[in-house]
Number of protein chains: 2
Amino acid sequence: MEVTNRYVAIKHHINGSPKESDFELKSVSLSLSIEAGSNDVIVKNIYVSIDPYQINRMKDHSPSQTEKVAVSALGILPGKAIDAYGVGRIVESGNPEFEKGDLVVGFIGWEEYSLVRGGATDCALRKIDTSELPLSNHVGILGLGGLTAYGGFFDVCKPKKGETLFVSAASGSVGSIVGQLAKLFGCYVVGCAGTKEKVDVLKDKLGFDAAFNYKEEPDLKSALKRYFPDGIDMYFDNVGGEMLAAAVDNMNFFGRIAVCGVISEYTDAEKRRGPSMINVVYKRLTIQGFLSVEYMHQFADYISIASDYLRNGKIHALEDISHGIESIPSAFVGLFNGDNIGKKMVQIADM
Amino acid sequence: MEVTNRYVAIKHHINGSPKESDFELKSVSLSLSIEAGSNDVIVKNIYVSIDPYQINRMKDHSPSQTEKVAVSALGILPGKAIDAYGVGRIVESGNPEFEKGDLVVGFIGWEEYSLVRGGATDCALRKIDTSELPLSNHVGILGLGGLTAYGGFFDVCKPKKGETLFVSAASGSVGSIVGQLAKLFGCYVVGCAGTKEKVDVLKDKLGFDAAFNYKEEPDLKSALKRYFPDGIDMYFDNVGGEMLAAAVDNMNFFGRIAVCGVISEYTDAEKRRGPSMINVVYKRLTIQGFLSVEYMHQFADYISIASDYLRNGKIHALEDISHGIESIPSAFVGLFNGDNIGKKMVQIADM
């Protein structure tokens, strides 16, 4: 059987802030059949993840394109399909590990159907049981964003009970999970976000000790001093730039900074202002970059722990879902305008 | 007995680049006698250390002044004596651990005589045996600069044999030791410095694999790419700023950056440009600040190891000695102009 497979592509490389007009919806015809002897599967995609890091893959030249660090860091070519994390249902399988009808999670794409080569190798696809938790949870809190939060908080921040944690982009896909994990662990947690609505969610729904709207703070250093009179032990950085500089100025001795994302640099690399390295020295700070790929071996453990938390109501999945494949460009552009509250994803088909 | 004790002081706080006219030579009369029942000692100072970090103590406001991190980080007051590492001879002792005539090393000051309270508490003073090695070695390669190099290289850089190391300010007091320790350990070592003479010393005397004059390189990123075609595993950073940014762009995955000093920020905090945090994330770099105070428990071990190396000619002490207490201001100002080759110190008395 042949189907029309619609997909979202970039028209050209994108080096600044993305616009909806940088994208186009294309279509190809796809045969829903598997080559004999292959391990391929075809997935009908249901939810696809919309992540800020994709912008780095869309540039005409970036470290993530010239150096192959992870599936999620390969360069994206104009006109071509864009791989992305998500969940879908197997519609054809040449792989003994998957049957038609199985729900799977892994790297599919911003497209209606994905042909996944080789099937179950590595983390490409994994069967999921959705009997208890919503399917969308597997894209967000039980997906790579959750693993990023888990690895970044426990392995990079190396928390001790009673320590203080600051999280930027705290209502985002990763920040919202980091803050909740840290509260459960016994830390004092303050987050920042860009609207009153987001700040309210952090305090009222996610249980942060405090939260503030950074757009209302003319002096970030003073703001952090107010929220952390005794200093910051750990900073989970999703934004870089001025916020990183302000956090460094408020860190305690031997503080740890987990650099997870640098959204301030993604669309404007030239404007970057560095943190005070004098403070890095005198306070003996550690600033460490990391990717979720380092923690793949802990993914099953994390999913098990986080699923329990979800079932017991100890953590909440913050999700922001748009509908229809044609909404992917606006959903993606919206990430850079702060439109989303929680994990952004697009539902492109019914379950 | 009363003596005139001459000392160097700042006339006022210094917030930019230091000038000789910011300093003055003052004198007080000092009684060479110890209060009965005290543990104090009086030291006649022979060599005193001249270190760039002192500029941070001379500012009217700095993290090192408001937060007490180490003896070497307390604020310096105009008109007052300035404590500094150095060696001298006990001239009076109320402390049973020291006798008149003993040679000691520790925190004395930019002055002819130092009254050291409490004597041998902590690392304030320690007796030294100078039967084999020059006394000046105890200020430099066997002093805190050596310990900084040792702790920073082994503990912060966490080297593996065969890895590549880049050192900035490589002919300086710390850089020159880091590079030699790294060569002995089995690393590929490249250093940079600011004159041809320094570069020649690195290559010809200290055994660096390569060295370059950064002032002759219009594009530091390309220069590092040329010297490290396979990338940098470890960067021992003494300068910060543009060099740190260029190093980050050339680091290998999981690279480590030991931030020891930030001379580019010491006299001009406003101009700082940050490294690419995108590269920090994608390459999973660790940037760690540290102070020698963390490694005091390893000081005796380090001195023993380094003394053996010196006796066997495996490492060389690079020293740059001025003479006379009145030369301290010009020696200090010269640090920021790159005048010194190796450990800068001033000899203010004969042995």
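The name given to chain A in an unreviewed UniProt entry is Enoyl reductase (ER) domain-containing protein, with the source organism recorded as Aquilegia coerulea.

## Quick look at the interface of chain B and chain A
At the interface, 41 residues of chain B touch 41 residues of chain A. Counting the surface lost from both chain B and chain A, the interface buries some 3400 Å², and carbon and sulfur atoms represent 62% of this. Summed over the three residues of chain B that lose the most area to chain A, namely B:R272, B:M277 and B:Y282, the buried surface amounts to 21% of that side. Connecting chain B to chain A are two salt bridges. The salt bridge involving B:R284 is made with A:E294; its shortest N-O contact spans 3.0 Å. If you look at where chain B meets chain A, you find 13 residue pairs in polar contact (both at pLDDT 80 or more). Of all elements in the fold, only α2 (63-66), α7 (241-250), β12 (251-259), α8 (263-266), α9 (277-282) and β13 (286-289) of chain B reach the threshold of two or more residues within the side of chain B that touches chain A. Broken down by element, the residue count for the side of chain B that touches chain A peaks at six residues, all from α9(B). Class assignment of the residues belonging to the side of chain B that touches chain A gives a composition of 23 nonpolar, nine polar and nine charged. The pairing of strand β13 (residues 286-289) of chain A with β13(B) spans three bridges and is antiparallel. Pairing of A:T286 across the sheet is with B:Q288, part of β13(B).

## Details of the sheet that holds β13(A)
If you trace the 12 strands from one edge of the open sheet to the other, you get β10(A)-β9(A)-β8(A)-β11(A)-β12(A)-β13(A)-β13(B)-β12(B)-β11(B)-β8(B)-β9(B)-β10(B), paired in mixed fashion. Edge positions in the open sheet fall to β10 (210-213) of chain A together with β10 (210-213) of chain B, since each of these has one partner strand only. Geometrically, the sheet is characterised by an average inter-axis angle of 15 degrees between neighbouring strands, direction not taken into account. By the bridge criterion, three bridges tie strand β8 (residues 164-167) of chain A to strand β11 (residues 232-237) of chain A in an arrangement that is parallel. Considered in β11(A), the bridge of A:F166 is made with A:Y235. Lying on the sheet, helix α5 (residues 196-205) of chain A is in contact with β9 (188-193) and β10 of chain A; it crosses β10(A) at an angle near 175 degrees.

## Structural notes on the relation of the copies chain B and chain A
Its rotation angle being 180 degrees, the transformation that places chain B on chain A also includes 0.0 Å of axial translation and leaves an RMSD of 0.0 Å. On this basis, the relationship between the two copies can be described by a two-fold rotation axis. For chain B, the smallest separation between a C-alpha atom and the rotation axis is recorded for B:G274, amounting to 1.6 Å. Mapped onto chain A, 100% of the interface residues of chain B are again interface residues, and the two copies thus contact each other with one and the same surface.

## Quick word on the domain arrangement of chain A
Residue and element names in this part refer to chain A. Domain parsing of chain A yields domain 1 (2-140 + 321-347) and domain 2 (144-293). Taking only C-alpha atoms, the centre of domain 1 and the centre of domain 2 are 28 Å apart. Opposite the 21 residues of domain 1 that make contact, domain 2 presents 15 residues. Roughly 1300 Å² is buried in total at the junction of domain 1 and domain 2, and carbon and sulfur atoms are behind 63% of that figure. The largest share of the area that domain 1 buries against domain 2 comes from Y85, G140 and I341, three residues that together contribute 29% of it. Here domain 1 is connected to domain 2 by zero salt bridges. Remark: the boundary between domain 1 and domain 2 carries three residue pairs in polar contact (both at pLDDT 80 or more). Within the residue set of the side of domain 1 that touches domain 2, elements represented by two or more residues are α1 (54-57) and α11 (328-337). Looking at the side of domain 1 that touches domain 2 residue by residue, the classes come out as 11 nonpolar, eight polar and two charged.

## Looking at the side chain of B:D40
Looking at where B:D40 falls in the secondary structure, it is placed in the loop between β2 (23-31) and β3 (41-49). Excluding residues that lie within four positions of it along the chain, B:D40 makes contacts with B:I34, B:S93, B:G94, B:N95, B:L115, B:V116, B:R117 and B:G118.

## Observations regarding the pairing of strand β12 (residues 251-259) of chain A
All names here are of chain A. Pairing of β11 with β12, which is carried by five bridges, proceeds in the parallel orientation. In the sheet register, M234 faces β12, and the bridge partner there is R256. Viewed along the sheet, the connection from β11 through helix α7 (residues 241-250) into β12 turns out right-handed. Bridge count for β12 against β13 is four bridges, and the pairing is parallel. By the bridge assignment for β13, R256 is matched with T286.

## Description of the environment of B:S93
Residues and elements named next belong to chain B. Here S93 lies in strand β4 (residues 83-93). The partly exposed category is assigned to S93, whose relative accessible area is 25%. Of the polar contacts made by the side chain of S93, one reaches the backbone oxygen of N95; its length is 2.9 Å.

## Here's the deal with the packing of aromatic side chains
For the structure shown, the criterion picks out 32 aromatic pairs over all chains. For the ring pair A:F23 and A:F332, a centre distance of 5.7 Å and an interplane angle of 75 degrees mean the geometry is edge-to-face. Residue A:F23 is found in strand β2 (residues 23-31), and its partner A:F332 is found in helix α11; the two are separated by 309 residues along the sequence. Of the two residues examined, A:F23 and A:F332, each falls in the buried class. Pairing B:F153 with B:F185 gives two aromatic rings, centres 6.0 Å apart and planes at 80 degrees, and the pair type is edge-to-face. In this pair, B:F153 is assigned in helix α3 (residues 144-157) and B:F185 in helix α4 (residues 175-185), connecting sequence segments 32 residues apart. Residue class for B:F153 comes out buried when judged on its relative accessible area of 0%. Classification of B:F185 by relative accessible area gives partly exposed; the value is 22%.

What counts, and at which threshold
Residues numbered from 1 in each chain as written. Chains lettered and ligands numbered in written order. Predicted model: local features only at pLDDT ≥ 70, side-chain atom pairs only at ≥ 80, totals over all residues. Heavy atoms only, no water. Contact = heavy atoms within 4.5 Å. Buried area = accessible area lost by both parts, 1.4 Å probe. Salt bridge = Lys/Arg side-chain N within 4 Å of Asp/Glu carboxyl O. Polar contact = N/O pair within 3.5 Å; in protein donor to acceptor, adjacent residues only side chain to side chain. Helix = DSSP H or I, 4+ residues; strand = E, 2+ residues; numbered from the N terminus. Nonpolar A, V, L, I, M, F, W, Y, C, P; charged D, E, K, R; others polar. Pairing = 2+ DSSP bridges. Axes fitted to C-alpha atoms, helices over the stretch in contact; angles between N-to-C directions. Least-squares fit on C-alpha atoms with pLDDT ≥ 70 in both. Domains from an automatic or database assignment. Right-handed = clockwise from strand over helix to strand, strands pointing away. Buried < 20%, exposed > 50% of the residue type's maximum accessible area, 1.4 Å probe, protein only. Phe/Tyr/Trp six-rings, centres within 6.5 Å; stacked < 30°, edge-to-face > 60°.

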